[in-house]
Amino acid sequence: MIYGDELTPGNVLKLNNNLKMMAWYFTVYEFAERLTRHEAMWLPLGVISSNTAKDIPGGLSHVFKVMMKQLFEVEKIQDEGVILELDEPMRFFFKMRLILLDGEANRAIWSCKGASGKLCCFRCLNCVRDRNIATRNDVFAHVSECDFSQFIVASDNAIWRKVDSLSCQVAEHEAGRATKASVDDLSTAMGFTFQSEGILFDKGLRQYIKPATHGRYDSMHNLVSNGLAQLQTALLINHLRDVSNFQFEDLRMFGKSGWKVASAFGNSGHIRSALSAKRFDKGDFTASASDMLLVMPVFLHYLELVATRSIDLGDHLPCYQLLCEMCKHVSQAKRGLHDREKFRAACAQHLKLFCKCYGANATVPKHHFHMHSAYDPEDKLFDCFAGERKNRFIKQCAQPVRLQKRYEFSVLSKAIALQLDALDACDNFEDRLVRPKAAHESGWTTSREAVVGGNSLRLGDVIVACNRAIVLKAFRRGPNSSSSTSPIVLSADLYAFDAQVTKSSKAFAITARDALVQVDQFDMVTVWYFDRDARLVLVS
């Protein structure tokens, strides 16, 4: 499984675009989710300067083709396998399972027109972003179509027939039997750009790299990274301003009122920062993916608890509730715990209400791209969060490297060396106490921080397990704590369900203090607060 993304090392306040590069990472699909969520399990595969890629015929698609030819035709990792020295030499065979890219990378790698094209989805044969086309010809379906069965999902052969016909038309043009305009018209109609050196145009690789079978849209970019969440939040804020005396300052003040944040996301200051006045400018709302995951439940709680007292939100509220619900479905799908039918129903109903509230012209290709995530056949969903964290690692490796002829080689060599060190510290992937302290009298080892089930937890965090809310106070391991199999015991205050505050929030009352518990599976809580009755209110 491969993930690729473009990044820019250096000072984030003064970006040097000459340092911009494309980085690829890989991991093994069969690894457990607790491993693939860890950035150390995404190994560097290759890097190339964006300026260099621009000068190569076929660009990034050509670069990716060369990488895949090396792996599958030269190294023959699928046909002949790779011998790894474990306890004893073992031969492993690797085949491509998924290629995970954001929208711009999908456009570059697959030579498709992307979101800006008339045929905006390379994974469908009839998805268009121009409503006039869909109106004139019912073969086509607009990106606002909520019935996924109206789309003709492309097969690998269908995509290859498209690019092969485009290649034939280019050959006709080069022979003087066709005009340049006919090539451009066919390119627009097919939704692909002719790149003779691109990966789709290499017939030898087609048995290994299959665009429809392997190509995937990233749910993180579709939803919370300049995605549907930012778009709908801005539209809803503008709607509130149009129909009431709502001011963005009202939401800012609400975000300052006693919220608690999971340590993995920072602290309550991140909510205040995410809701600063500069985030909502000229009718648009800007926030990073992690900030958006904090803003959404807070904004939803504001809508349910405050706004509805004086404003008739109509379908705007259930539409935003469905947006948050889709994010929960994605979280569950990443662990393979999702209800596929409910996920699909939530996507369809959300798009239907979105069109009703804001109009079909307000829809964007990402509405359609996200629906693919609910219909993909895999038993678990992958997104780019781990890859985005991995980008920080590559940036650190590139930071001290001078821009020179062997720039990419130097960056990748350093990244691989540090990567091997990280894999050598295999306890990174086990449940463990972080900076533990021994309690000599009892024999227990304690800590204020731990890694449990692949999740980083700290004192004060809240998790939900067995219908109880658990406020963490300490982490313990027994006298045999040197063993990785020794379970981590949580010292925590336990809360039981008390009342439904709003449709999306629940209040829990305390039932036990300083209890010792063990949990096998749990859900992390992103944001919460304590009400005037000292109840714990969880917002989802």
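Cut-offs applied
- Residues numbered from 1 in each chain as written.
- Predicted model: local features only at pLDDT ≥ 70, side-chain atom pairs only at ≥ 80, totals over all residues.
- Heavy atoms only, no water.
- Helix = DSSP H or I, 4+ residues; strand = E, 2+ residues; numbered from the N terminus.
- Rg over C-alpha atoms; globule rule 2.2 N^0.38 Å.
- Contact = heavy atoms within 4.5 Å.
- Areas by Shrake-Rupley, 256 points an atom, 1.4 Å probe, with all protein chains shown as cover.
- Lys, Arg positive; Asp, Glu negative; His and termini not counted.
- Charge placed at Lys NZ, Arg CZ, Asp CG, Glu CD.
- Core = buried A, V, L, I, M, F, W, Y, C linked by side-chain atoms within 4.5 Å.
- Buried < 20%, exposed > 50% of the residue type's maximum accessible area, 1.4 Å probe, protein only.
- Pairing = 2+ DSSP bridges.
- Axes fitted to C-alpha atoms, helices over the stretch in contact; angles between N-to-C directions.
- Expected span 1.5 Å × (residues − 1).
- Salt bridge = Lys/Arg side-chain N within 4 Å of Asp/Glu carboxyl O.

### Overview of the overall build of the chain
When you go through the chain residue by residue, the secondary structure sums to 18 helices and 24 strands. The C-alpha atoms of the chain give a radius of gyration of 25 Å, which matches the 24 Å a tight globule of 540 residues would have. The principal-axis extents of the C-alpha atoms in the chain amount to approximately 85 × 65 × 45 Å. In the chain, the proportion of contacts linking residues at least 24 apart, taken out of those at least 6 apart, comes to 63%. With an accessible surface of roughly 26000 Å², the chain has 50% of that area assigned to carbon and sulfur atoms. Within the chain, the 61 negative side-chain charges are centred at a point lying 4 Å from the centre of the 67 positive side-chain charges.

### Let's talk about the nonpolar core
Membership of the largest hydrophobic core comes to 131 residues, with the highest contact counts inside it found for W24, M68, W110, F285, L303 and Y320. Once residues lying within four places of it in the same chain are set aside, the contact partners of M68 are I2, L45, E73, M96, I199, L205 and I209. With 17 residues, the next largest nonpolar core counts L433, L457, L490 and A492 among its residues.

### What to know about the sheet that holds strand β13 (residues 432–433)
Read across the open sheet, the three strands follow the order β13-β16-β17; overall the sheet is antiparallel. For this open sheet the edge positions go to β13 and β17 (455–458), each flanked by a neighbour on one side alone. Bridging between β13 and strand β16 (residues 449–452) involves two bridges; their strand directions are antiparallel. Of the residues in β16, the one forming a bridge with L433 is A450.

### Here's the deal with the environment of D421
For D421, the position within the fold is in helix α18 (residues 407–424). Separated by 381 residues in the primary sequence, D421 and A40 place their C-alpha atoms 9.8 Å from one another.

### Some words on the pairing of strand β2 (residues 21–26)
Counting buried positions along β2 gives five out of six residues, so the element sits mostly inside the fold. Pairing geometry for strand β1 (residues 2–7) and β2, over six bridges, is antiparallel. Each bridged residue has a counterpart across the sheet, and for Y3 the counterpart in β2 is Y25. Note: β2 against strand β3 (residues 43–49), six bridges, orientation antiparallel. Looking at the pairing, M21 lines up with S49 of β3.

### A word on the sheet that holds β2
The sheet built from five strands is open, its strands ordered β3-β2-β1-β6-β9 with mixed pairing. Each edge of the sheet is formed by a strand with only one pairing partner; in this case those strands are β3 and β9 (215–217). Pairs of neighbouring strands in the sheet enclose a mean axial angle of 25 degrees, with direction left out of account. In this sheet, β9 lies alongside strand β6 (residues 99–101) in parallel orientation, the contact comprising three bridges.

### Description of helix α14 (residues 316–334)
One turn of the α-helix equals 3.6 residues, which is why residues spaced by three or four share an orientation. The first and last C-alpha atoms of α14 sit 28 Å apart over 19 residues, in line with the 27 Å expected at 1.5 Å per residue. Residue G336 follows α14 closely and has a positive phi angle near 70 degrees.

### Considerations on the pattern of salt bridges
Tallying each qualifying case throughout the model produces 28 salt bridges. R107 is the partner of E104 in a salt bridge, and the nearest nitrogen-oxygen pair spans 2.5 Å. Taken as a pair, E104 and R107 lie in helix α4 (residues 103–110) at a separation of three residues, close to a single helical turn. Across the pair D383 and K334 runs a salt bridge whose closest N-O atoms are separated by 3.0 Å. Residue D383 is found in the loop between α16 (365–375) and α17 (385–398), and its partner K334 is found in helix α14; the two are separated by 49 residues along the sequence. Given the relative accessible area of 8%, D383 is considered buried. By relative accessible area, K334 is classed as partly exposed at 23%. Bridged by salt links that share partners, the residues R123, R216, D376 and E378 form one connected network.

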